[in-house]
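# Understanding the architecture of this molecule
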Amino acid sequence: MSLTLKHRSPVRAKISSVGTYVPPRLLTNADLEKMVTTNDEWIQERTGIRQRHLVDPGTATSDLAAEAARDCLRRRGIPATEVEVILVATVTPDMLFPATACLVQNKIGATGAWGFDLSAACSGFLYAMQVGAKLVESGAHKKVMVIGADVMSSIIDYTDRSTCILFGDGGGAVLIEPCSEGEIGMLDYTHEIDGSGANSLYMPGGGSLHPSTIDTVNAKMHYVHQEGGAVFKVAVRKMSELGENVLARNGLTPADVDLFIPHQANQRIILATAERLGLPQENIVINIGEYGNTTAATIPLAMNTALSDGRLKKGMTILLASFGGGYTVGATLLRWEC
Ligand code: COA
């Protein structure tokens, strides 16, 4: 296989380490059967989810993000003081401000870092990863910590069976650094946003349009609202479209993809997307059964699953794809270098 290198920056960026954290408490399908009218068979058949990890009260997104970042640094063998930038993708920041990145910076002791939060729902991790890669490729920075973390349980209505079965809490991080001689790292990406889908998946309350009041809380506007069927169809169509585009413009075919690591929203969305892309099932990473949809954390958690299973190895060509509220959609092509 020959790879055409799209971007001409003299510095190339790569993922040099991965770290993850999920809280220990489990919410199983059997637990949900006691909370709403649902059953394990329906949930597994329609979504592939068996369980989710949830935080205990008092644990916030910055706690999951900090643990994931610590794990990432431990595996890379460097102290937090070497981190230059911290990017946190999340839709469940600890507070509207300060940015969760500031809280993480303080928790891990990254005394030399600046950073900020990025809001792109389930595409947040891919978007933040590209921002991090550009900061490295520009020559401005050499160590960027990119984190995707969400405490979805803080914005889920556990009396709404159409959403409460889907989501879990978790955090994942990657370190972005310049490639060494002969390495390729980040190859290409394509991102799209489409605000015409804003009302199909959103949390209407608590922002400047509907500041929190007793009325917004009584109307449950502080929870996730979703038209599941509409989201399902657009997710499959757009992830496969962008995946196909990014492969084609780099002169690659599905046969060149060693591993497909998609956002984990619904196992049926993943399988339908892979089928449209012509990717064989054995090349797909699926761990939604264990974690549910952890929003910005799904892709680094899936990278970690593939690493632990020995399926993700240096030199592999990897396709990542995401879809989320916004709508936001992304596809990234890279060479795995760690
Ligand atoms: N348990 C049992 N039955 C349920 C249920 C649950 N948790 N949730 C919905 N149902 C019922 C519905 O009420 C409906 O019943 P009806 O036929 O009597 O009206 C039936 O199951 C089918 O509902 P439908 O919404 O058509 O199911 P679905 O197969 O589309 O699955 C989702 C629903 C939410 C799982 C699915 O649409 C989905 O995953 N959408 C995408 C969501 C997503 O990925 N969001 C994040 C994007 S990043």
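As the structure is a prediction and not an experimental result, all values here were calculated from the model. (Residues numbered from 1 in each chain as written. Predicted model: local features only at pLDDT ≥ 70, side-chain atom pairs only at ≥ 80, totals over all residues. Heavy atoms only, no water.)

### Looking at the site of the ligand
Looking at the ligand, there are 23 residues lining it, with T38, R46, R161, Q226 and N266 nearest. T38 is positioned with one of its side-chain polar atoms (N or O) 2.7 Å from a nitrogen atom of the ligand. G228 places a main-chain nitrogen or oxygen 2.9 Å from a nitrogen atom of the ligand. Elements represented by at least two residues in the shell around the ligand include exactly α2 (40-47), α6 (161-164), α8 (228-248), α9 (267-277) and β12 (317-324). (Near = heavy atom within 4 Å. Polar contact = N/O pair within 3.5 Å; in protein donor to acceptor, adjacent residues only side chain to side chain. Helix = DSSP H or I, 4+ residues; strand = E, 2+ residues; numbered from the N terminus.)

### Concerning helix α11 (residues 298-308)
Given 3.6 residues to a turn, an α-helix orients residues that are three or four positions apart in the same direction. Of all eleven residues in α11, nine are buried; the element is thus mostly enclosed. With its phi angle positive at about 75°, G310 sits one or two positions after the end of α11. (Buried < 20%, exposed > 50% of the residue type's maximum accessible area, 1.4 Å probe, protein only.)

### What about the pairing of strand β5 (residues 114-118)?
In this structure, strand β4 (residues 85-89) lies alongside β5, joined through five bridges in parallel fashion. When the sheet's bridge partners are listed, I86 is paired in β5 with G115. Between the parallel pair β4 and β5, the chain is carried across by helix α4 (residues 100-108), and the sense of this crossover is right-handed. (Pairing = 2+ DSSP bridges. Right-handed = clockwise from strand over helix to strand, strands pointing away.)

### A short note on the pattern of salt bridges
Across all of its chains, the model carries 16 salt bridges by this definition. A salt bridge links K107 to D63; the shortest N-O distance between them is 2.8 Å. Here K107 is found in helix α4, whereas its partner D63 is found in helix α3 (residues 61-76), with 44 residues between them in sequence. In this structure, E241 engages K238 in a salt bridge whose closest nitrogen and oxygen atoms are separated by 3.0 Å. Of this pair, E241 and K238 both sit in helix α8, separated by three residues, roughly a single helical turn. Relative accessible area serves as the criterion here: at 30%, E241 is assigned to the partly exposed category. For K238, a relative accessible area of 12% puts it in the buried group. The network of salt bridges with common partners includes K14, E183, K314 and E337. (Salt bridge = Lys/Arg side-chain N within 4 Å of Asp/Glu carboxyl O.)

### Comments concerning the domain arrangement of the protein
Domain boundaries assigned for the protein yield domain 1 (13-178) and domain 2 (186-335). For domain 1 and domain 2, the distance between their C-alpha centroids amounts to 14 Å. At the interface, 51 residues of domain 1 touch 45 residues of domain 2. Carbon and sulfur atoms supply 62% of the area buried between domain 1 and domain 2, which totals about 3700 Å² over both sides. When residues of domain 1 are sorted by the area they lose upon contact with domain 2, C122, L126 and Y127 head the list and together hold 18% of the total. At the boundary of domain 1 and domain 2, one finds one salt bridge. The partner of K220 in a salt bridge is D157, with the nearest N and O atoms 3.2 Å apart. Our enumeration of links across domain 1 and domain 2 arrives at 20 residue pairs in polar contact (both at pLDDT 80 or more). When the residues that make up the side of domain 1 that touches domain 2 are grouped by side-chain class, the tally is 25 nonpolar, 16 polar and ten charged. (Domains from an automatic or database assignment. Contact = heavy atoms within 4.5 Å. Buried area = accessible area lost by both parts, 1.4 Å probe. Nonpolar A, V, L, I, M, F, W, Y, C, P; charged D, E, K, R; others polar.)

### With respect to the sheet that holds β5
Taken together, the five strands give an open sheet; going across it, the order is β1-β7-β6-β4-β5, and neighbouring strands pair in mixed fashion. With one partner strand each, in any of the chains shown, β1 (13-21) and β5 form the two edges of the open sheet. Recorded for the sheet is a direction-independent mean angle of 20° between the axes of neighbouring strands. Its contacts with the sheet place α4 against β4, β5 and β6 (144-151), and it is angled at close to 130° to β4. The strands touched by α11 are β1 and β7 (169-178); relative to β1, the strand with the most contacts, the crossing angle is about 90°. (Axes fitted to C-alpha atoms, helices over the stretch in contact; angles between N-to-C directions.)

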